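# Structural overview for review
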Amino acid sequence: MAPHDPPEGCDRGGDGTHGAARTLSALPVPQPLTLEASDGRVLAGLLLESIAARGALCINGATGFRREFYLKFAAYCAARGYHTLVYDYRGIGASARAPLASDTARMSEWGRLDMPAALAWLAQRFPQLPLVTLGHSVGGQLIGCMPNQGRARAHVMIATSTGYWRRQRPPFRYLALLLWRVYGPLMLRRCGYVPRGVLWSGESLPRGVFLQWRRWCLSPAAFGAALDEDMSDAAFAAVRGPLLSWGFTDDPIATPAAVEALLRSYAGARIERRWTRPAEAGVRSIGHHGFFAEHHRDSLWRAALDWIDARCG
């Protein structure tokens, strides 16, 4: 978790493989829907339905990435046989309240309230199908905050780690420090929220989201209750199912040290660690968000869905 540059296409506010590639030319139409968290907060989602579903997949996004960023990957998942849900967390994109300066969202609520609401919606809509979560960055980090995470057959973490700035690579870590110490506080005083700017190119962030995220990224404490009392009722060690942690060697945020620091909080999970060099995927860079680029559909995307297929039987 740290400042990022959304990739091109990101909205700034037998195994089905070959069929999936062909089907991408005719993307399923996303169906708008609303999710209601247990505290009554309404979230905006999009469902991409599969013609012949073998499971249902919930995509939990990264900080500052809107649901639309994940649509091409979600369409691939639908073509591979998974009803796929994408949505915006409270305070982000279509789930933000106006004016943003008055939105009371906090980052911990994404894991405690929003992610559980999305998984519960899928479970209710498709009760006979196995469920899987795929989390990008914070969307994988907060699985342990979900009281219903056990309803998922498996979890996939993409570029997921702690956000502590000293575990990130230089010079990126110093840009992150400028975001936490200078740009973010200045924007809170000026705007009441953190807008896109020189050191932050994601979606605008409500005050409570930024301040909590900042506190997490400035502390080396173990992820969970020791880091923030908002996670005092979280159960990271209760995550028992198979968990794929997939990192990329050129990611300046989710470095091996940062990934391992997070995975120590998931001591009960059956973890498979996977690291990919850009050259292995035929590209020069992948970084923190490049996994979701469409040109990876026959490499990284296929491998992720193969792993999910094996867990959904």
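All of these numbers come straight from a predicted model, not from anything done at the bench. Each residue is numbered by its place in its chain's sequence as written, counting from 1. For this predicted model, a pLDDT threshold of at least 70 governs which residues receive local features, and a threshold of 80 or more governs which side-chain atom pairs are given and counted, while totals over whole chains, interfaces and linings are taken from all residues. Heavy atoms from the whole structure form the basis of all side-chain values; hydrogens and water molecules are not counted.

## Points about the overall build of the protein
Counted only if it meets this: Helix and strand definitions here come from DSSP, where helices need a minimum of 4 consecutive H or I residues and strands a minimum of 2 consecutive E residues; each element is numbered from the N-terminal end. Using a 1.4 Å probe on the protein chains alone, a residue whose accessible area is under 20% of its type maximum counts as buried, one over 50% counts as exposed, and one in between counts as partly exposed. For accessible areas, the Shrake-Rupley method is used with a probe of radius 1.4 Å. Any residue's cover is judged against the shown protein chains and nothing else. Neither His nor the chain termini are counted; the positive set is Lys and Arg, and the negative set is Asp and Glu. Where a charge lies is defined by one atom per residue type, namely NZ (Lys), CZ (Arg), CG (Asp) and CD (Glu).
Along the backbone of the protein there are eight helices and ten strands. Each principal axis of the C-alpha distribution contributes one length, and for the protein these read about 55 × 45 × 40 Å. The buried share of the protein, taken over its 313 residues, is 58%. Accessible surface for the protein amounts to roughly 12,300 Å². Of this, 51% is attributable to carbon and sulfur atoms. Of the side chains in the protein, 36 bear a positive and 26 a negative charge, and the two mean positions are spaced by 4 Å.

## Some points on the sheet that holds strand β3 (residues 55-60)
Strand pairing in a sheet relies on backbone hydrogen bonds, with the paired strands running either antiparallel or parallel. Heads up, the condition is: Strands are treated as partners if at least two bridges between them are detected by DSSP. Axis definition: a line fitted to C-alpha atoms, limited for helices to the stretch in contact. Angles are taken between N-to-C directions and run from 0 to 180 degrees.
Here we have eight strands laid out as an open sheet, ordered β1-β2-β4-β3-β5-β6-β9-β10, and mixed in their pairing. The strands lining the two open edges of the sheet, one partner per strand, are β1 (31-36) and β10 (270-276). Each neighbouring strand pair of the sheet contributes to a mean axis angle of 20 degrees, computed without reference to strand direction. Strand direction decides the pairing type here: β1 and strand β2 (residues 42-48), joined by six bridges, are antiparallel.

## Things to note about the side chain of Gln168
Just so we agree on the cut-off: Residues adjacent in sequence count toward polar contacts only when both atoms are side-chain atoms; beyond that, a polar contact is any pair of N or O atoms within 3.5 Å, and within protein one must be able to donate a hydrogen and the other to accept it.
Looking at the secondary structure, you find Gln168 in the loop between β6 (152-158) and α5 (172-191). Looking at Gln168, its side chain comes within polar contact range of the main-chain oxygen of Gly163, at 3.2 Å.

## A short note on helix α7 (residues 256-263)
Residue pairs spaced three or four apart in an α-helix point in one direction, given the helix's 3.6 residues per turn. Let me state the cut-off plainly: Should any heavy atoms of two residues lie within 4.5 Å, those residues are counted as being in contact.
Taken residue by residue, α7 has Ala258, Val259, Ala261, Leu262 and Leu263 as its buried positions. Where the residues of α7 are buried, they touch α4 (138-141), β6, β9 (242-248) and β10.

## So, the pairing of β10
Rule in force here: For crossovers, right-handed means that the path from the first strand over the helix to the second runs clockwise, given strands pointing away from the viewer.
One ladder, built from seven bridges, connects β9 with β10; its direction is parallel. Across the sheet, residue Trp246 finds its bridge partner in β10, namely Arg274. Handedness of the β-α-β unit built from β9, α7 and β10 comes out right-handed.

## Thoughts on the environment of Thr63
Relative to the assigned elements, Thr63 resides in the loop between β3 and α2 (71-79). With relative accessibility at 4%, the residue Thr63 sits in the buried group. With 147 residues separating them in the primary sequence, Thr63 and Phe210 have C-alpha atoms 9.8 Å apart.

## Regarding the pairing of β2
Taking burial as the measure, the seven residues of β2 include six buried ones, the bulk of the element. What sits between the antiparallel neighbours β1 and β2 is a turn of five residues, in which Gly40 has the positive phi angle 90 degrees. Across four bridges, β2 lies against strand β4 (residues 82-87) in antiparallel orientation. Residue pairing in the sheet places Leu48 in a bridge with Thr84 of β4.

## Quick notes on helix α6 (residues 207-217)
Those residues of α6 lying buried are Gly208, Val209, Phe210, Gln212, Trp213, Trp216 and Cys217. Tucked inside the fold, the buried residues of α6 contact α3 (107-125), α4, α5, β7 (193-194) and β8 (205-206).

## Description of the packing of aromatic side chains
Heads up, the condition is: Two aromatic rings from Phe, Tyr or Trp, using only the six-membered ring of Trp, form a pair when their centres are within 6.5 Å; if the ring planes differ by under 30 degrees the pair is stacked, by over 60 it is edge-to-face, and anything between is tilted. Working rule: Lys NZ or Arg CZ, within 6 Å of ring centre, within 35 degrees of ring normal, means a charge sits over the ring.
Applying the stated criterion across every chain, the model contains 22 aromatic pairs. With centroids separated by 4.7 Å and ring planes inclined at 55 degrees, the aromatic side chains of Phe65 and Phe69 adopt a geometry described as tilted. Classification of Phe69 by relative accessible area gives buried; the value is 10%. Pairing Phe73 with Trp301 gives two aromatic rings, centres 5.3 Å apart and planes at 70 degrees, and the pair type is edge-to-face. Pair noted here: Phe73 is in helix α2 and Trp301 is in helix α8 (residues 300-312), with a separation of 228 residues, a long-range link. An identical accessibility class is assigned to Phe73 and Trp301; each is buried. An aromatic cluster of three or more residues is present, and its members are Phe65, Phe69, Tyr70, Phe73, Tyr76, Trp246, Phe248, Phe291, Phe292 and Trp301. Above the face of the Trp246 ring, Arg274 is positioned so that its terminal group lies 4.8 Å from the ring centre.

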